[in-house]
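Structural overview
Take a look at the letters that make up each chain.
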Amino acid sequence: MEKNGLAGSVSLLVLSLLRDGDKYGYEMISQLALRSEQVFELKEGTLYPVLHQLEREGCLESYSAQAPSGRARKYYRLTSRGRKALADQEAAFRRVAGAVEQVLRRSCPEA
């Protein structure tokens, strides 16, 4: 799929990754690639602006914590607003995906 096909879905994917628990940036990038079988490979330059925007909107909050390696990492977690945004975006995506699926499977009726 073309890169621009992912553009409108990045915030949905990020919110979805955080539904399972707090994560740091590289962890999200890795999990997204793994879960999508390398179909979605985000770059840091794409992910971090989305994270910052979601944080400004109140959908995420961040905090620093020490990783097992001893390094300090910035983790992100969903807020209640983020859970609602995820539910809304997921419902909208499923409506669009369903409509696309219908178009792909059906022939056009005669006019």
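Residues numbered from 1 in each chain as written. Predicted model: local features only at pLDDT ≥ 70, side-chain atom pairs only at ≥ 80, totals over all residues. Heavy atoms only, no water.

1. Some details on the environment of Ala 72
Defined as follows: Counting from the N terminus, the helices are DSSP H or I runs at least four residues long and the strands are E runs at least two residues long. Residue contacts follow a heavy-atom distance rule, with two residues in contact if any of their heavy atoms lie within 4.5 Å.
Among the secondary structure elements, Ala 72 is positioned in strand S3 (residues 72-78). The contacts of Ala 72, once residues within four sequence positions are left out, are Ala 65 and Gln 66.

2. Observations concerning a nonpolar patch on the surface
The condition that has to hold: Two joining distances apply to patches: 9 Å for like charges and 5 Å for nonpolar side chains (Val, Leu, Ile, Met, Phe, Trp, Tyr), and every residue must have over 30% relative accessible area and no salt bridge. Residue burial considers only the protein chains on display, and all accessible areas are found by Shrake-Rupley using a 1.4 Å probe. Basic side-chain nitrogens of Lys or Arg form a salt bridge, by our definition, when they fall within 4 Å of a carboxyl oxygen of Asp or Glu. Classification of residues uses two cut-offs on accessible area relative to the type maximum, computed with a 1.4 Å probe and protein chains only: under 20% is buried, over 50% is exposed, and between them is partly exposed.
Taken together, the side chains of Val 96, Val 100 and Leu 104 define a hydrophobic patch exposed on the protein surface, amounting to about 300 Å² of accessible area. Structurally, Val 100 is set in helix H4 (residues 80-105). Judged by relative accessible area, Val 100 falls into the partly exposed class, the value being 44%.

3. Some remarks on the pairing of S3
As a reminder, the rule being used: At least two DSSP bridges between two strands are needed for those strands to be called paired.
Where strand S1 (residues 23-24) lies against S3, two bridges are found, and the strand directions are antiparallel. Paired with Tyr 24 across the strands is Tyr 75, a residue of S3. Inspection of the sheet shows strand S2 (residues 60-66) paired to S3 by seven bridges, in the antiparallel sense. Its bridge partner being in S3, Ser 62 is matched across the sheet by Tyr 76. From the end of S2 to the start of S3, which pair antiparallel, there are five residues, and Gly 70 there has a positive phi angle of about 100°.

4. What to know about unusual backbone geometry
The phi dihedral of Glu 37 is positive, around 55°, even though this residue is not glycine. One can find Glu 37 in the loop between helix H2 (25-35) and helix H3 (44-56). On the basis of relative accessibility, which here comes to 67%, the residue Glu 37 falls in the exposed class. In this structure, Gln 38 is a non-glycine residue whose phi angle is positive, near 65°. Mapped onto the fold, Gln 38 is located in the loop between H2 and H3.

5. Notes on the packing of helix H1 (residues 10-19) against H2
The condition that has to hold: Here an axis means a line fitted to C-alpha atoms, over the contact stretch when the element is a helix, while the angle between two N-to-C directions is reported on a 0 to 180 degree scale. To sort the angles, those under 35 degrees are grouped as roughly parallel, those over 145 as roughly antiparallel, those from 65 to 115 as roughly perpendicular, and the leftovers as oblique. Residues are grouped as follows: nonpolar covers Ala, Val, Leu, Ile, Met, Phe, Trp, Tyr, Cys and Pro; charged covers Asp, Glu, Lys and Arg; every other residue, Gly included, is treated as polar.
Running from N to C, H1 and H2 point in directions that differ by 100°, and their axes come no closer than 11 Å. Between H1 and H2, the angle falls in the class roughly perpendicular. Together, Leu 13, Val 14, Ser 16, Leu 17 and Leu 18 of H1 and Met 28, Gln 31, Leu 32 and Arg 35 of H2 make up the contact between the two elements. Residues of the contact of H1 with H2, tallied by class, amount to six nonpolar, two polar and one charged.

6. Examining H1
Within H1, eight of the ten residues are buried, leaving the element largely enclosed by the surrounding structure. The set of residues buried in H1 consists of Val 10, Ser 11, Leu 12, Leu 13, Val 14, Leu 15, Leu 17 and Leu 18. Residues of H1 that are buried sit in contact with S1, H2, H3, S2, S3 and H4.

Purely spatial values, then, with no claim about function.
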